[in-house]
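The primary structure of each chain is shown beneath.
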Amino acid sequence: MNKRVTIRDILNTDEFRDFVVLAGDSALDKEVHSITIMDSPNPFPWSVGGEIVLSSGYIFKKHESEFEELIRKMSDAGIVALFIKLKRYFDYIPQNIIDLGNEIGFVIVSVPVEMSFVDVINPTLSKIINFQTEIIRKSEEILSDFTSLVMNEGDTLTIIKVISEILGEEICYYDMKLNEMYHCKSSCYKDRDFVHININQLLIEKESYRISMNNKIYGYIVFLGRKKGDIYKDEFNALAHANTALILDTQKKLSSMQIENRHKNEFVRDIITNNIRSKMEIEKRAQSFGWTFKETFRTLIVDIDNFKDEYIKMENTDEKRDVNNDLDDIRDNILSTAVRVVKSYFVDSVYVNLSDTAVFLIQNNREDKIDEILEKMSEEIRNTIGNKFDFTVSIGIGESQDDIINVYRSYKEAQMAIKIGRTIYNSNFSLHYKDLGVYRILYSIYQNEDVLSFCKSSIGKVLDYDGQYNTELFSSLQKIADCDWNLKIAAEELYIHYNTMKYRYKKIAEILDKDLNKTEVRTDISLALKIYKMSE
């Protein structure tokens with residue numbers, strides 16, 4: 001594509017063959033928008049950039065002492081070139097002006113004295129107008145191409161190919177909604193290795209165009225052959241039409257996927273909740289989605305930390321709807337990121353999204369290395385999401401099951417790992433059910449009446465005191481226990497003075513009427529705190 005009209009293009013016009021470039025050779029490829037006559041020493045207020053200024057030289061002769069300053073002001077105002085007649089008011093351009101033009105990249109051109117201004121202006125304007133006319137014609141052609149694509153249900157590859165041909169560029173398109181990458185040069189294809197492409201790095205290094213609608217980003221077209229810089233103005237027509245076509249194509253796919261995903265989600269939900277009684281039913285429903293369940297199975301849960309709390313915070317804000325919509329998009333993108341990483345390790349895994357949680361059924365026959373693989377994958381999920389979003393995720397992993405019909409047991413174990421992990425680590429953790437140790441026993445009894453009675457007798461008085469006097473003794477007790485009963489460390493983590501923490505410690509001991517320095521008392525309280533947190 002012809003990207004723009006430049007000073008070089010203007011000078012290559014037949015009528016200007018006798019024009020001589022005196023300065024600014026390095027700036028001949030600057031874009032030209034118009035040409036005007038300079039009849040005053042102050043043309044700068046009306047300059048919008050990209051003008052060629054045509055002058056007889058009279059203004060510069062009259063203000064010869066200001067010649068250098070005028071050139072600087074013209075350049076600063078965005079004027080790209082001075083076309084000046086010699087042999088009328090100037091026999092030659094002073095060397096200091098030539099040097100200045102070369103230094104700042106400002107083009108100075110000698111115009112034959114016998115040429116009238118009209119003979120210069122008309123060919124220049126014709127060049128610019130013909131270019132703009134070509135842009136309009138090309139825009140209509142592009143619109144027709146993309147309209148035809150949409151009407152004939154052209155797919156993403158076809159759309160990307162048309163864009164590449166129109167722009168004459170090697171491009172790639174990253175579809176954020178569907179986590180897919182398309183690459184187009186001499187041929188176009190879906191890049192199956194897109195998982196390992198650092199799209200964020202590409203967007204930093206290369207020129208790109210955002211595909212969006214109503215402030216929602218659908219993806220990016222990346223110009224692989226260009227460093228960061230401006231997109232040419234005539235390219236915006238093609239890109240704007242491509243924007244519409246790609247969004248329509250994505251929305252069509254999403255609509256179709258939503259229907260299919262609803263059925264897939266219902267199926268996976270039935271499996272993990274033990275709502276299917278027959279293995280034959282599982283196999284039949286799996287076949288309808290092209291799934292084959294043959295290997296051993298285990299469940300992995302990815303849960304977004306504190307996500308529901310963010311919704312609660314927005315309940316009373318004026319922008320509640322907009323903020324919640326943004327949170328929905330963030331949630332979807334976080335879970336999509338988790339899906340992308342899991343699929344890169346276990347391509348045959350299936351999953352279901354349950355609000356702010358993704359549940360994966362992972363099948364693999366490499367049981368000797370599965371724990372190592374799961375640990376590496378879990379770390380990648382947490383790191384990728386933690387670096388990309390203002391949220392973290394916690395991961396629970398159940399034990400292996402030899403039969404898909406029993407995988408609901410692994411799901412319950414993964415749920416237990418998440419729940420107990422919140423008690424131990426609060427957030428941003430990966431925890432296997434097999435590593436829960438004594439917590440597995442606590443989990444099985446924490447709702448027992450005797451256990452709850454023990455919990456109440458151990459820490460209930462502190463809770464009651466906080467409720468009555470609006471104090472923060474219970475949270476301080478939790479922090480002290482978490483810090484292995486080290487008051488100094490607990491004070492630092494709560495950002496309070498050490499003396500304040502000593503006072504609270506003494507007050508808690510008085511309320512409980514217990515000696516908190518005794519090992520058995522601390523053991524009882526620590527256990528009660530864990531049970532309490534599990535029962536929240």
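1. Brief notes about the overall build of the protein
A count of helices and strands for the protein gives 19 helices and 15 strands. Buried residues in the protein amount to 45% of all 536 residues. Counted over contacts in the protein with a minimum sequence separation of 6, partners at least 24 positions apart contribute 66%. When the accessible surface of the protein is summed, it comes to about 28,700 Å², and 46% of that surface belongs to carbon and sulfur atoms.

2. So, a negative patch on the surface
Together, E372, E375, E379 and E380 give the surface a local cluster of negative charge. As for its position among the elements, E379 is in helix α12 (residues 370–388).

3. Focus: the pattern of salt bridges
Summed over the entire model, instances satisfying the criterion amount to 14 salt bridges. Among the salt bridges present, the one from D29 reaches R8, with a minimum N-O distance of 2.9 Å. Residue D29 is located in the loop between β1 (20–23) and β2 (34–37), and its partner R8 is located in helix α1 (residues 7–11); the two are separated by 21 residues in the primary sequence. Between R72 and E68 there is a salt bridge; the shortest N-O distance is 3.9 Å. Of this pair, R72 and E68 both sit in helix α3 (residues 67–76), four residues apart, which is roughly one turn of the helix. A residue is classified by how much of its surface remains accessible, and R72, at 36% relative accessible area, is partly exposed. Shared partners join several salt bridges into a network, and the residues in it are D270, E281 and R285.

4. Things to note about the sheet that holds β1
Sheet strands line up and pair through hydrogen bonds in the backbone, either parallel or antiparallel. Read across the sheet, five strands follow the order β1-β5-β4-β3-β2 without closing on themselves; strand pairing throughout is mixed. Where the open sheet ends on each side, the last strands, each with one partner, are β1 and β2. When strand polarity is set aside, the average angle formed by the axes of neighbouring strands in this sheet is 25°. Direction of pairing for strand β4 (residues 81–85) relative to strand β5 (residues 107–111): parallel, over a ladder of five bridges. The residue of β5 that forms the bridge with L82 is I108.

5. With respect to a nonpolar patch on the surface
On the surface, a cluster of nonpolar side chains totalling about 260 Å² of accessible area is made up of V438, I441 and I445. Tracing the chain through its elements places I445 in helix α14 (residues 439–445). The class for I445 is partly exposed, based on a relative accessible area of 32%.

6. Some words on the nonpolar core
Among the nonpolar cores identified, the biggest contains 36 residues, and I459, V462, L477, W485, L516 and I525 are the most heavily contacted of them. If you list the elements that add at least two residues to this core, you get α13 (407–425), α14, α15 (449–469), α16 (473–482), α17 (487–494), α18 (498–512) and α19 (519–535). W485 has contacts with L477, I480, Y505, L516, R522, I525 and S526, leaving out every residue within four places of it along the chain. In this structure, L300, A338, I370 and M377 belong to the second largest nonpolar core, which totals 26 residues.

7. Here we look at unusual backbone geometry
At N274, a residue that is not glycine, the phi angle is positive and equals roughly 60°. Within the fold, N274 resides in the loop between α8 (235–272) and α9 (279–288). The backbone of N426 shows a phi angle near 75°, a positive value even though the residue is not glycine. Along the chain, the position of N426 falls in the loop between α13 and β15 (430–432).

8. With respect to the packing of aromatic side chains
In total, this model carries 14 aromatic pairs according to the counting rule given. Taken together, a centroid distance of 5.7 Å and an interplanar angle of 40° make the contact between Y351 and F360 tilted. Judged by its relative accessible area of 26%, Y351 falls in the partly exposed class. Residue F360 is classed as buried on the basis of its relative accessible area of 1%. Pairing Y465 with Y469 gives two aromatic rings, centres 4.6 Å apart and planes at 40°, and the pair type is tilted. Here Y469 and Y465 lie together in helix α15, a separation of four residues that amounts to about one turn. Overall, the relative accessible area of 47% leaves Y469 in the partly exposed class. Over the ring of Y218 we find K177; its NZ or CZ atom is 5.4 Å from the centre of that ring.

What counts and how
- Residues numbered from 1 in each chain as written.
- Predicted model: local features only at pLDDT ≥ 70, side-chain atom pairs only at ≥ 80, totals over all residues.
- Heavy atoms only, no water.
- Helix = DSSP H or I, 4+ residues; strand = E, 2+ residues; numbered from the N terminus.
- Buried < 20%, exposed > 50% of the residue type's maximum accessible area, 1.4 Å probe, protein only.
- Contact = heavy atoms within 4.5 Å.
- Areas by Shrake-Rupley, 256 points an atom, 1.4 Å probe, with all protein chains shown as cover.
- Patch = residues over 30% accessible without salt bridge, like charges linked within 9 Å, V, L, I, M, F, W, Y side chains within 5 Å.
- Salt bridge = Lys/Arg side-chain N within 4 Å of Asp/Glu carboxyl O.
- Lys, Arg positive; Asp, Glu negative; His and termini not counted.
- Charge placed at Lys NZ, Arg CZ, Asp CG, Glu CD.
- Pairing = 2+ DSSP bridges.
- Axes fitted to C-alpha atoms, helices over the stretch in contact; angles between N-to-C directions.
- Core = buried A, V, L, I, M, F, W, Y, C linked by side-chain atoms within 4.5 Å.
- Phe/Tyr/Trp six-rings, centres within 6.5 Å; stacked < 30°, edge-to-face > 60°.
- Lys NZ or Arg CZ within 6 Å of the ring centre and 35° of its normal.

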